[in-house]
Every structure is written in C-alpha cells, then in structure tokens.
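Per-entry structural report
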Amino acid sequence: MEKIALVTGATSGIGRATAHLLAQSGWSLIITGRRRKRLDELKIELEKMGAPVMALCFDVRKKEEVEMSI
C-alpha cells in the first residue's frame, strides 16, 4: 500500500525537515506552503530523492485559498 503524507508549511523549518524525512522513508508527498519559489525548489529536491510529490501553493490560514486548491 502506498504511504501518502500531507505536509503543511513545507517551505521552511519543521515542515521542510518533515518532508525530507518522509521522502527518505519512501512516502509520497503532498506539500503545501505560501511561497511558490521555495515550494517548487523543494519539490525538485524531493523528487531527486525518488519521492512522488504534489505541490500546492496556498495559505492554510485562509479558508478561501484552501477551498480553491481542492
């Protein structure tokens, strides 16, 4: 069974570190963050590690942005 994780705040700090650890452990990832450039850079890094990645750029604190990304 495929393991999939959603990591919010993936563009820095704990979120970024968590995304890296999950990728190293073989998880498929959905990463979110507010900064498109950092999100795209992280997606490339994680894919080079072999992880399938979907990147979504929005602010989880803004309900309308979350709903638009669904």
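Our subject is the structure listed above.
The numbers attached to residues start from 1 for each chain and follow its sequence in the written order. Local features are withheld for residues below a pLDDT of 70 in this predicted model, meaning they are given only at 70 or higher, and side-chain atom pairs are given and counted only at 80 or more; totals for whole chains, interfaces and linings count all residues. Heavy atoms throughout the structure, all of them, feed into the side-chain values; hydrogens and water do not.

1. Points about helix 2 (residues 36-48)
Note the following rule: Only DSSP runs of H or I covering at least 4 residues are called helices, and only runs of E covering at least 2 are called strands; the numbering of each starts at the N terminus. One fewer than the residue count of a helix, multiplied by 1.5 Å, yields its expected span. Only protein chains enter the accessibility calculation, which uses a 1.4 Å probe; a residue whose area is less than 20% of its type maximum is buried, one above 50% is exposed, and one in between is partly exposed. Comment: arc refers to directions from the helix axis out to C-beta atoms.
For helix 2, which comprises 13 residues, the first-to-last C-alpha distance of 19 Å matches the rise-based estimate of 18 Å (1.5 Å per residue) to within 8%. Along helix 2, the residues that are buried comprise Leu39, Leu42 and Leu46. Viewed along the axis of helix 2, the buried residues span an arc of 65°, placing them on a single side of the element. Residues of helix 2 that are exposed and point more than 90 degrees away from the buried face comprise Lys37 and Lys48.

2. Topic: helix 1 (residues 13-24)
Between the first and last C-alpha of helix 1 there are 17 Å, a value that for 12 residues agrees with the 16 Å anticipated at 1.5 Å per step. Within helix 1, burial applies to Gly15, Ala19, Leu22 and Ala23. Seen from one end, helix 1 has its buried residues packed into an arc of 100°, which puts them on one side. Projecting away from the buried face of helix 1 at angles above 90 degrees are the exposed residues Gly13, Ile14, Leu21 and Gln24. A positive phi of about 90° marks Gly26, the residue just after helix 1.

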